[in-house]
Each structure stands twice: as structure tokens, then as C-alpha cells.
Amino acid sequence: MLAKTKKSEKKRLLFESLYRLSVIFSGLILFIIIIFIFASGFPALKEYGFFEMILNKEWSPNATDPQFGLLYMVLATIISTLLSLLIAIPIGVLSAAYLSKMAPKKIKKTIMFFVEILAGIPSVIYGFFILKTLVKIIYDNGKYIEGVSGNSMLAAIAVLALMSLPTIITVSVTSLDAINKSYDEASYALGANTIQTIFKVDLRAARLGIMSAIVLGAGKVIGETMAVMLVSGNAINFPGNLLEPVRTLTSNIATEMAYASGLHQSALYATGIILFILIMILNYILLVVIKRGGTSDA
Amino acid sequence: MEDIFTIRDLNLYYGKNHALKNMDIALKKNKVTALIGPSGCGKSTFLRCLNRMNDLIENCTITGQIIYDNDNINVEKYNVIELRKKVGMVFQKPNPFPMSIYENVIYGPKCQGLTDKAILDELVEDSLKKAALWDEVKDRLNTSALSLSGGQQQRLCIARTIAMDPDVILMDEPTSALDPISTKKIEELMETLKNNYTIVIVTHSMQQAARISDYTAFFLMGEIVEYDLTDIIFSNPAQQQTEDYVTGRFG
Ligand SMILES: Nc1ncnc2c1ncn2[C@@H]1O[C@H](COP(=O)(O)OP(=O)(O)OP(=O)(O)O)[C@@H](O)[C@H]1O
Ligand SMILES: [Mg+2]
């Protein structure tokens, strides 16, 4: 008996140190990555200044007087991220509510099967799909307008919204399924209808899970590179017209890193730093929203 | 005496499982009726027929008539929302919403479109008083209902049901998850509630059934074996099975 407890105690200690090691390891890697990117981007930031980089709209790294302004790309990234989330969040959450709370079991099972497959396919496929559909439609209908070539911010937004939907839906459905069935019963027993039950009880009770669905979706959207490059046109424009091409921060890095050197290369790392800061801000905002939601009730 | 529910030839199937068999019973208005019987005999299932909660269960078929207020409620087109406004339900496990105490009480009325703050305030106070909870929570109406004790939560659930001003309150083992003191409080509460409401209560406690009910129905394997005045069921039942059960000699 005593020997047994000693053994299990040893086991516990072993696993505890294993957990601790893996946490330290992943933390260390993250730390190294951050140091590396900041060190590599530092020369450009020092030469041009952080604010000069994000406020200057001119990006011409190969000119005799090279410019490294990221303003248009920062704006394109922010706008396309926000607009695609604005589309994907309501559609995703409402679909999840339908699947979890209204759909007959068979229909739910069938749809979830496909949604889970969609969540797993590479995002380039979504880019390809939009390229052959929306981009073509825009081109066919707008090719006589100057600046319209099909590849556009609208197409990029469509790709981002589409590829984040399966993630938002699956995580939301999981959290809606997990809330206590007795809440639903109480609500119906008090004379509420399905819509009232979903909006007043279910979505509130599953709020934290749905928020993490949104955070995951947002993370996918802001980091997406290839699929966006495929349909965005990748030209540096002020993102004022949905039908014209734009370039995002991630695309900028992916497009030019292969041949960049010297200050140009450093400027691309600086692009990464700015992207990093943007992601931090986005996560911070979402966290504040979650916290506020968390204290107002429950 | 007036009947509030008249059930005729009620049969219920969960898929192929015949859970309620040929039930005929009339429940008296403004009385407390207790449903007793061993586990799995269909008490909860029967109770849930009275406010059509079984609608939520896929593959559940119900035949026969359930007459409430001169209308058969066991027909597709009967307005369940209207029914549930009049026939409230308190569950075995206290299940307040993860919201404030105040919001819990006004949930039902708000779903019916009541928004006037003054009326809602009054309703909250009135309902909590009727549920004997007001004095304990009046200073913290905006704190989460989940911070209450189990017994308080159950009284909140009763207050929430009372706020709808129902005719009937269905209770499925409302005290089985509670300590003796909370149980006593809720039993006393039922004593006062029975003047204004019809109460149908499922219970596993013979003492509770004997203490609080006017009528008792004994269920066994999906059938109603005997239904009579509580005094008769406990002192001089017609069926041997009933006597065995209430005296604890069962099984
Ligand atoms: N949702 C359901 N789906 C399928 N079968 C069910 C469901 N609920 C109950 N049953 C079955 O119906 C029968 C009656 O169950 P019910 O819950 O009404 O019993 P009960 O008398 O309330 O028991 P207890 O005293 O344990 O609460 C049981 O055989 C049970 O397995
Ligand atoms: Mg039961």
C-alpha cells in the first residue's frame, strides 16, 4: 500500500517536471522568435522611425531614394480583417445556434461532418475557389472600369470570411452543446420561444466559448497569407475601393522576402513587427470585451 | 369539485419504449396532487405531458387526450407558449439562469414583452415575497443567482415561475437536492401557495406526500395503479401494491 503511493507520487513528480519543461520550452521558443524578429527589423525602424513607417504611404524599396511606408498595407490589413469578421461572426454564430439548438440530429450530424472537413482543408483552396468565382464575376462585370481586374480587396475579404467560418462554427457549436440543457428547459417552461431561448439564454451562457471561437477565427484571418495573395491583386493601393487590388502586411513579407537584402530585408522584418503589434492589439481588444461580458452577468 | 386537467387514454412512447400506458386521471383545481412510485415508473414523463415539455424530446409520441381548461392540449396546433404561461414548472435540480437574481425573476414576463421598469420592480418584489425569499435577497438583487445556496436557488426558481402568474405549478422532486431545513421551507411555501395555485408534485418521500398533498396518485411501471385522497392512499388503499409501496414493503 505504502509502496504503491510512493510509486504514484514519483510518477506525479515526473509528469509535473515534464509539463514544466514543455512550458519552459515553448515559452523559450516564442521568446527567441520575438528577439529574432525585433533584432532583424530594428535597423529599418531605427533608420526610418516607427511612426514614419506606419504613416508613410510610399513603399518603393528599390528606388534610388528607397521608401518604406506601410500605411496602405496596415490599413488594408485592418479593413479586410474587420470586414471579413463582420461577415463571418454573425453568420458563423447564428449557424452554430441553428445547428446546436434547432436542427434535427440527423441534419446537424451531416452538416457538421462537412463543416469539420472544411475547417481542415488548406486555405489556399478557398483562395482558388474565390479566384474562379467571385474574382471572375467582378472581372466580367467591371473590366471596363479603370483599376478593376477582378483581383481585389472584396475577393480577399470573401476568402477570409469563408475560411474562418468553419472554425467559428465548430468551436461555437461545441460550446453551445456544452451548456447545461436545464437552462433550455427552464426557458421553455417559462413560455419563451426558441429564438428567445437562443438569444437570451444560450448565447449568453456560451459566451466565453463563442468568444474563443471568434478569437481563433480572427487569428486565422489576420495571419492568412497565400490565399489572400492569390486574389487580392497584391498591388499597394489605398484600400478605399472594395473592387481594387490591395496588399496586406503578410503578403508584403511573403512577396518580397525571397529577393530582399540589406535595409529592404530589415524593413520586411519591421513589417512583421508591426503585424505582431496589430495582433496584440486585436487580442487585447477581444480580451477586454470578454472580461466586460464576464462581469456584467454570471 | 372542479377538475383542471382531465387525462383520457394517455399513452406515451419514447421510440419503442412504452413509458405511459392507458392513463385516465382527473386533477383537481386548487389542490395539491402528489405523484408517487418507484424510480422509472413514468412520474416525470407524466408531469412533462402537462406542459408539453416532452415536445423537446425527439422521437417521443403521445396519444390520447389531455384536457386543460376545456381544450385538448395534446394536439399540434395548441399554442404551447400560452400553455406554459399558465402551467409553470419547477425542476428537480435548481436551475436558475446564469444571470442576476432580478433578471431571473423577470425572464418570463420579459419574454412576453413586459418592459415597464416600475411594473417589473413590483413583480420582482411580489414574486420573491410569495416564494419566501425576499428578505434574504432584497439587498443583492443584482448579484448572480448562482451565488445563492441550493435551497435559495430553488425558491428563486419558484419565484420565477410565480412571476408568470400561472394557474398550475408542476414540481418534479423539488426538494430532493436540498437539505432538511431548505426542504421544510419549501414545504411551508407550498402550504401557502396551494390557496392560489393548483400544484402537482412528484416526490419520493412518503412523509412529504402525506404532509402536503390532498390527493395522491400511485404510479407503477407506466400505469396509474391507484388515485385517491391522500388520507385514503396512506391509511386504507384499495390495492395491495399501493399498500406495499406506501408502507415500504415494496419490492
Ligand atoms: N428522454 C427520454 N428518452 C427516452 N426514454 C426516457 C426519457 N426519459 C425517460 N425515459 C424512460 O421513460 C421511463 C419513465 O421515466 P421517468 O423519468 O418518467 O421516470 P420517473 O418515474 O420520473 O423516475 P424517477 O423517480 O427516477 O425520476 C423510464 O423507463 C425511462 O428510461
Ligand atoms: Mg423523475
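Everything that follows concerns the structure shown earlier in this document.
Cut-offs used in this document
- Residues numbered from 1 in each chain as written.
- Chains lettered and ligands numbered in written order.
- Predicted model: local features only at pLDDT ≥ 70, side-chain atom pairs only at ≥ 80, totals over all residues.
- Heavy atoms only, no water.
- Near = heavy atom within 4 Å.
- Polar contact = N/O pair within 3.5 Å; in protein donor to acceptor, adjacent residues only side chain to side chain.
- Areas by Shrake-Rupley, 256 points an atom, 1.4 Å probe, with all protein chains shown as cover.
- Helix = DSSP H or I, 4+ residues; strand = E, 2+ residues; numbered from the N terminus.
- Nonpolar A, V, L, I, M, F, W, Y, C, P; charged D, E, K, R; others polar.
- Pairing = 2+ DSSP bridges.
- Axes fitted to C-alpha atoms, helices over the stretch in contact; angles between N-to-C directions.
- Contact = heavy atoms within 4.5 Å.
- Buried area = accessible area lost by both parts, 1.4 Å probe.
- Salt bridge = Lys/Arg side-chain N within 4 Å of Asp/Glu carboxyl O.
- Patch = residues over 30% accessible without salt bridge, like charges linked within 9 Å, V, L, I, M, F, W, Y side chains within 5 Å.
- Buried < 20%, exposed > 50% of the residue type's maximum accessible area, 1.4 Å probe, protein only.
- Lys, Arg positive; Asp, Glu negative; His and termini not counted.
- Charge placed at Lys NZ, Arg CZ, Asp CG, Glu CD.
- Arc of directions from axis to C-beta.
- Phe/Tyr/Trp six-rings, centres within 6.5 Å; stacked < 30°, edge-to-face > 60°.
- Lys NZ or Arg CZ within 6 Å of the ring centre and 35° of its normal.

*Asks:* How do you make sense of the site of ligand 1 when you look at a structure like this?
*Replies:* All names here are of chain B. Within the structure, ligand 1 sits among 13 residues, and S39, K43, S44, T45 and H204 are positioned closest to it. Note that an oxygen atom of ligand 1 is positioned 2.8 Å from one of the backbone N or O atoms of G40. Within the side chain of S44, one N or O atom sits 2.6 Å away from an oxygen atom of ligand 1. A total of 630 Å² of accessible area belongs to ligand 1 in isolation, and the protein chains cover 63% of it. Per-element tally for the shell around ligand 1: the top contributor is helix α1 (residues 43–50), with three residues. Here the shell around ligand 1 is composed, by residue class, of four nonpolar, seven polar and two charged.

*Asks:* Looking at this structure, how should I read the sheet that holds strand β3 (residues 32–36) of chain B?
*Replies:* Adjacent strands of a sheet form backbone hydrogen bonds with each other and so pair up, either parallel or antiparallel. Residue and element names in this part refer to chain B. An order of β6-β7-β8-β3-β9-β10 is seen for the six strands of this open sheet, with the pairing classed as mixed. In this open sheet, the two strands that pair with only one neighbour each are β6 (87–90) and β10 (223–229). Neighbour-to-neighbour, the strand axes of this sheet turn through a mean angle of 15 degrees, independent of strand direction. Strand direction decides the pairing type here: strand β9 (residues 215–220) and β10, joined by six bridges, are antiparallel. From the neighbouring strand, T216 faces β10, where its bridge partner is D228.

*Asks:* Please clarify how the interface of chain A and chain B should be interpreted in this entry.
*Replies:* Accessible area lost when the parts come together is the quantity often used to give the size of an interface. With 21 residues of chain A at the interface, the matching set in chain B holds 26 residues. When the two sides are added together, the surface that chain A and chain B hide from each other amounts to roughly 2000 Å², 61% of it contributed by carbon and sulfur. The largest share of the area that chain A buries against chain B comes from E185, A189 and L190 of chain A, three residues that together contribute 31% of it. Where chain A meets chain B, there are two salt bridges.

*Asks:* For this particular structure, what's the right way to read a nonpolar patch on the surface?
*Replies:* Residue and element names in this part refer to chain A. Together, L94, Y98, M102, I107, I111, I195 and F199 make up an exposed nonpolar region whose accessible area comes to about 610 Å². Counting residues per element, the ones that place at least two in the nonpolar patch are α3 (71–102), α4 (105–120) and α9 (194–205). Per-element tally for the nonpolar patch: the top contributor is α3, with three residues. With respect to the secondary-structure elements, I111 resides in helix α4. Judged by its relative accessible area of 33%, I111 falls in the partly exposed class.

*Asks:* What am I meant to see in a negative patch on the surface here?
*Replies:* The grouping of E2, D69, D71, D165 and D167 of chain B at the surface amounts to a negative patch. Among the secondary structure elements, E2 of chain B is positioned in the segment before β1 (3–14).

*Asks:* How should I be thinking about helix α5 (residues 123–132) of chain A in this particular structure?
*Replies:* One turn of an α-helix holds 3.6 residues; hence residues three or four places apart share an orientation. Residues and elements named next belong to chain A. Within α5 the residues assigned to the buried category are S123, Y126, G127 and I130. The buried residues of α5 occupy one face: seen down the axis, they fall within an arc of 100 degrees. Looking at the buried positions of α5, the neighbouring elements they touch are α4, α6 (134–142), α7 (153–178) and α11 (226–232).

*Asks:* For this particular structure, what's the right way to read the pairing of β1 of chain B?
*Replies:* Along any regular strand, the residues point their side chains to alternate faces of the sheet. All names here are of chain B. Bridge analysis of β1 against strand β2 (residues 17–28) gives eight bridges, and the strand direction is antiparallel. Within β2, the position partnered with L12 by the bridge is L20. What sits between β1 and β2 in their antiparallel hairpin is a turn of two residues, with G15 showing a positive phi close to 60 degrees. Across eight bridges, the pairing between β1 and strand β4 (residues 60–68) is antiparallel. Note that in β4 the partner of Y13 across the bridge is T61.

*Asks:* Is there a simple way to think about the packing of aromatic side chains in this case?
*Replies:* In this description, an aromatic ring pair is defined by two values, namely the gap between the centres and the angle between the planes. Following the criterion strictly, the structure yields 13 aromatic pairs over all chains and no others. When the centroid spacing of 5.4 Å and the interplanar angle of 65 degrees are considered together, the rings of F46 of chain B and F219 of chain B count as edge-to-face. Of the two residues, F46 of chain B sits in helix α1 while F219 of chain B sits in strand β9, which places them 173 residues apart along the sequence. Grouping residues by exposure puts F46 of chain B and F219 of chain B together as buried. One aromatic cluster is present, formed by Y48, W59 and F68 of chain A through successive ring pairs. Positioned above the aromatic ring of F97 of chain B, the side-chain terminus of R160 of chain B is 4.6 Å from the ring centre.

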